[in-house]
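Below are the chains, spelled out letter by letter.
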Amino acid sequence: IAPGCLTFAIRNALYNQLPVRPVLVAGLGLEQLDLAHPVRPGDVLSIRVGVDSARRSKSRPDTGIVTTRQSVLNQSDEVVLSMIAKMIVRARDSD
């Protein structure tokens, strides 16, 4: 069984391979990190990311604060890791 820190590291690698993701300025923290099922040798993992909230920063309008709900799933669609991540990201132009 893979240690939780390895599962989290795999989550990082999967997240960094997403074709569309925000440009991270700073991480503001993680909440509700849960390792629901074990990861075993041979498991095929994927990531699912959903945006819970997003708003432009009042003090730095070139950035925004985004809260995402992230899940790592195995080949049986069992959630092996879930968490909520809050981060400061580069904002898109408003046009």
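Everything numeric in this text was worked out from a predicted model, so none of it was measured.

Thresholds, definitions, all that
- Residues numbered from 1 in each chain as written.
- Predicted model: local features only at pLDDT ≥ 70, side-chain atom pairs only at ≥ 80, totals over all residues.
- Heavy atoms only, no water.
- Helix = DSSP H or I, 4+ residues; strand = E, 2+ residues; numbered from the N terminus.
- Buried < 20%, exposed > 50% of the residue type's maximum accessible area, 1.4 Å probe, protein only.
- Contact = heavy atoms within 4.5 Å.
- Areas by Shrake-Rupley, 256 points an atom, 1.4 Å probe, with all protein chains shown as cover.
- Polar contact = N/O pair within 3.5 Å; in protein donor to acceptor, adjacent residues only side chain to side chain.
- Expected span 1.5 Å × (residues − 1).
- Arc of directions from axis to C-beta.
- Pairing = 2+ DSSP bridges.
- Axes fitted to C-alpha atoms, helices over the stretch in contact; angles between N-to-C directions.
- Core = buried A, V, L, I, M, F, W, Y, C linked by side-chain atoms within 4.5 Å.
- Salt bridge = Lys/Arg side-chain N within 4 Å of Asp/Glu carboxyl O.

(A) Highlighting the overall build of the protein chain. Check the secondary structure of the protein chain and you find 1 helix and 4 strands. Along its sequence from the N terminus, the protein chain presents helices and strands in the succession α-β-β-β-β. Burial analysis of the protein chain (95 residues in total) assigns 29% to the buried set. Taking all contacts inside the protein chain whose residues are at least 6 apart in sequence as the whole, residues at least 24 apart take part in 63%. As displayed, the protein chain offers around 6300 Å² of accessible surface, 53% of which is attributable to carbon and sulfur atoms.

(B) Highlighting the side chain of serine 57. Within the element layout of this structure, serine 57 appears in the loop between β2 (46-56) and β3 (63-73). Since its relative accessible area comes to 11%, serine 57 is described here as buried. Engagement of the side chain of serine 57 in a polar contact is seen with the backbone nitrogen of arginine 60, the distance being 3.1 Å. Every residue in contact with serine 57, bar those within four places of it in the chain, is listed here: Thr63 and Gly64.

(C) Spatial organisation of helix α1 (residues 4-16). Here α1 contains 13 residues, and its C-alpha end-to-end distance of 18 Å stays within 8% of the 18 Å for a straight helix at 1.5 Å per residue. Regarding α1, the residues found buried are Thr7, Arg11, Leu14 and Tyr15. The buried residues of α1 occupy an angular sector of 100° when projected down its axis, which confines them to one face. Elements that come into contact with the buried residues of α1 comprise β2, β3 and β4 (79-90).

(D) Spotlight on the sheet that holds β2. Strand order in this open sheet of 4 strands is β1-β4-β3-β2, and the pairing throughout is antiparallel. Edge positions in the sheet fall to β1 (24-34) and β2, since each of these pairs with one other strand and no more. Going across the sheet, the axis of each strand differs from the next one's by a mean of 20°, ignoring polarity. Here β3 pairs with β4 via 11 bridges, running antiparallel. Looking at β4, one finds that threonine 63 is bridged to arginine 90. Relative to the sheet, α1 contacts β1, β2, β3 and β4, its axis offset from that of β4 by approximately 50°.

(E) Quick peek at the nonpolar core. Among the nonpolar cores identified, the biggest contains 13 residues, and Leu14, Leu45, Ile47, Val72, Val80 and Met87 are the most heavily contacted of them. Breaking this core down by element, the ones donating at least two residues are α1, β3 and β4. Of all the elements, β4 adds the most residues to this core, at 6 residues.

(F) Structural view of the pattern of salt bridges. Applying the stated rule across the entire model yields 2 salt bridges. Among the salt bridges present, the one from arginine 69 reaches aspartate 52, with a minimum N-O distance of 3.0 Å. Taken together, the residues arginine 69 in strand β3 and aspartate 52 in strand β2 connect sequence positions 17 residues apart. Classification of aspartate 52 by relative accessible area gives partly exposed; the value is 41%. Two residues, arginine 60 and aspartate 62, come together in a salt bridge whose shortest N-O distance is 4.0 Å.

The values reported here are purely geometric and, on their own, carry no functional implication.
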